[in-house]
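Here is how the chains run, residue by residue.
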Amino acid sequence: MSKKLTTAEINQVVWKACDTFRGVIDPSQYKDYILTMLFLKYVSSVHDAKRAFYMDKYEGNEQRVQRAMERERFKLPEKSNFAYLYEQRNAVDIGELIDKALAKLEEANPEKLSGEGSGIFRNVSFNSSNLGDVKDKNVRLKNLLKDFNSLDLRPEHLEGNDVIGDAYEYLIQNFAGDAGKKAGEFYTPSEVSTLVARLSKQGPGVRIYDPTCGSGSLLIKAAKEVGSKDVSLYGQEANGSTWAMAIMNMFLHGFDDATIRWGDTLRNPKHKEGDELMKFDTVVANPPFSLDKWGYEEAEADPYNRFWRGLPPKSKGDWAFISHMIESTYAQKGLAIVVVPHGVLFRGSSEGKIRKQVIEENLLDAVIGLPANLFYGTGIPAAILVFSKARQTDRSVLFIDGSQGFEAGKKQNRLGEQDLEKIVATYRAYKAGDYALGVVEDKYSYLASFEEIEENDFNLNIPRYVDTFEEEAPVDMAAVQKEIGALEAELKAVEAEMQGYLKQLGL
C-alpha cells in the first residue's frame, strides 16, 4: 500500500498553493479560494472512492451503484467533480466553470450547503476580476488546480479520520496569522479555544451552542471534549464568508448535522423553538470585544426578554452577548463560558448593575485572567467568565490570575500546554470542592466569598482578589557602601591615568 498522507504533508502542499494568490489579493480574501478548493477536492475524492467501492461491490451494475450513491452523505454532480475541472484547466473560461461547479454542488445538497436563502459559495467567485485580467487569472487558476491535483485525499490514503479536518484547521489558523487584525472576525487563538473547550467538558448527549461561532473552531473543540459523537452542535455567525467557512469546517470534521445559521445573534437570533430562544446545555463564545452599535435600540424591545437585567451601553456590547448566552442556557444545569475584555470585570454604570445582578443570582462560577497579546488584532489582556445555572448554596467565586503563564512569540504570545492545564486543573479542583475560602495558591488563585465581592461593590478586577504584588528584595547597605567605595577607588585610578596621558601630550 502506498504511503498515507499526513496532515503536515497536506498543509505543505496547500500552503504552497497560496503562492498563486499572494501579492494579488489580501490573505483575508484568498483564504476563501484556498479553503473552498480544499473542500471541493476532498468531497470529490470521497465521492470517487465511494463510487469505486460500489462499482466493485455491485460488479459494475450502474443502476445499483447510482442508487447506493444517492444514499451517500454528499451528492456530487459530474461537472462539480474536481477531476472534471482539472481536465478543463486550460479552458479560457475556467473561472466560470469553477463557479458553475460550485453552484451545482449547492443545488445538489441544499440542506448541507445552503441556508438563509443563500449558498455557502456566494461570496467567492473564481471568475472575479480580483484575480487579475483574463490571461493572468487563467494562469493562476490552472496553477491552483495543478497544486490540488497532486493531493490524493481519498479516505484510504489519509493517515487518520481527523487528517483533513486538522489540515483545514491549520490553514484557518495560518490565514488568521496572515490576516492580522482582520483575523479576529473569524478565529479565536487555538490555545484559548482549547482552554474554553476543556472548561466546558460535559458528558454525551449535550447540546452545545456558539452564538458568534466564526469559523466554528471553538464549537468543534467543545464537541471533541465530550468524547462521543452523541452531541448536537449549533452556531450562528454574522459574517457570510465566515459562516460558509464554518459549514465547511463542520463537514470536514464529520459534524454533518451541525446547524450553523447566518445572521446577527443580538438583533436576530436564529436558533429558536417556537417563539422562544432555543436552550442549550453549554454555550461558549468569543464575541467581538466591546462591539459598538451592537443593537441597543432594538434591544429595548427585545421579544425574547434577554436584557431584563439591564441594557448595556450603546458603544459596548459585551454584556449584551453575555446576557444572550445566559438566557440561552437550560435552567438548573446550563453552563456558559465567554471570553471578554477586562473592562467587563469592573466598568460601572449600566454594566455594573448587570454584573451585580448576575452575581446576586449566584450564576458566576469563575473569573480567569489570561496573558496579554494572545489575540489577533489586539494586545489587550482578556479574561474568561464561567457562568453556571447548576450552582446551589455555595456562593463562592474562583479567581485565577493566569496572566504570567505564557510562551512568548514574535507576533503574539501563546498559552503553553502546562499553563493551560494548570488553569483547567485549578478550576476542576474548585468544582470538586477541594478549596477553602481565601488564597488557593499564592499569587495565582483565590476563592472569594459573596460577601467579599459585595464589599468590593461587585467589582471583579482580578488584582482585588489575587495579590500578585512582589516585594522588592531588602537592600544590603553594607554591601552597597562597599561597592560605592570600590567604584570611587576605580574612578580615582582612571583619573590619575588620564592625567598621566595628558602630561605626556604636554596638555
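These remarks concern the structure in this document.

Cut-offs applied
- Residues numbered from 1 in each chain as written.
- Predicted model: local features only at pLDDT ≥ 70, side-chain atom pairs only at ≥ 80, totals over all residues.
- Heavy atoms only, no water.
- Helix = DSSP H or I, 4+ residues; strand = E, 2+ residues; numbered from the N terminus.
- Buried < 20%, exposed > 50% of the residue type's maximum accessible area, 1.4 Å probe, protein only.
- Contact = heavy atoms within 4.5 Å.
- Phe/Tyr/Trp six-rings, centres within 6.5 Å; stacked < 30°, edge-to-face > 60°.
- Lys NZ or Arg CZ within 6 Å of the ring centre and 35° of its normal.
- Core = buried A, V, L, I, M, F, W, Y, C linked by side-chain atoms within 4.5 Å.
- Polar contact = N/O pair within 3.5 Å; in protein donor to acceptor, adjacent residues only side chain to side chain.
- Axes fitted to C-alpha atoms, helices over the stretch in contact; angles between N-to-C directions.
- Parallel < 35°, antiparallel > 145°, perpendicular 65-115°, else oblique.
- Left-handed = near helix turned anticlockwise from the far one by under 90°.
- Nonpolar A, V, L, I, M, F, W, Y, C, P; charged D, E, K, R; others polar.

### Re the environment of L415
Now for step 1: Position of L415 relative to the elements: it lies in the loop between strand 12 (397-401) and helix 16 (417-431).
Now for step 2: Note on L415: relative accessible area 1%, which makes it buried.
Now for step 3: On a C-alpha basis, the gap between L415 and A258 in space is 29 Å, while along the polypeptide they are 157 residues apart.
Now for step 4: Apart from the residues lying within four places of it in its own chain, the contact partners of L415 are E191, L195, L370, P371, L374 and G405.

### Some points on the packing of aromatic side chains
Ring pairs (aromatic) are described by centroid distance and by the angle formed between their planes.
Now for step 1: If you walk through the whole model with that rule in mind, you get 17 aromatic pairs.
Now for step 2: Through a chain of ring-to-ring contacts, the aromatic side chains of F39, F74, F121 and F251 assemble into a single cluster.
Now for step 3: A cation sits over an aromatic face here: K229 above F255, 4.3 Å from the ring centre.
Now for step 4: Above the ring of Y330, the side-chain terminus of K333 is found at 4.7 Å from the ring centroid.

### Remarks on the nonpolar core
Now for step 1: Formed by 100 residues in total, the largest nonpolar core has its most connected members in I34, F39, F148 and I384.
Now for step 2: In this view, I384 contacts L195, V196, L199, I337, V338, V339, A366, V367, I368 and L370; residues no more than four positions away in its chain are not counted.
Now for step 3: Ranked by size, the runner-up nonpolar core spans 35 residues in total, among them I354, V397, Y446 and L460.

### So, the side chain of S396
Now for step 1: Of note, S396 is situated in the loop between strand 11 (382-388) and strand 12.
Now for step 2: Separated by 2.9 Å, the side chains of S396 and D394 make a polar contact.

### Here's the deal with the packing of helix 2 (residues 27-57) against helix 5 (residues 94-108)
When two helices pack together, their arrangement is captured by the angle between the axes and the distance separating the axes.
Now for step 1: Two elements in contact, helix 2 and helix 5, have axes whose closest approach is 12 Å; the angle formed by their N-to-C orientations is 60 degrees. Classed by the angle they form, the pair helix 2 and helix 5 counts as oblique. The handedness of the crossing between helix 2 and helix 5 comes out as left-handed. Residues T36, M37, F39 and L40 of helix 2 pack against I98, L102 and L105 of helix 5.
Now for step 2: Class assignment of the residues belonging to the contact of helix 2 with helix 5 gives a composition of six nonpolar, one polar and no charged.

Honestly, that's just the spatial picture; any functional story needs more than this.
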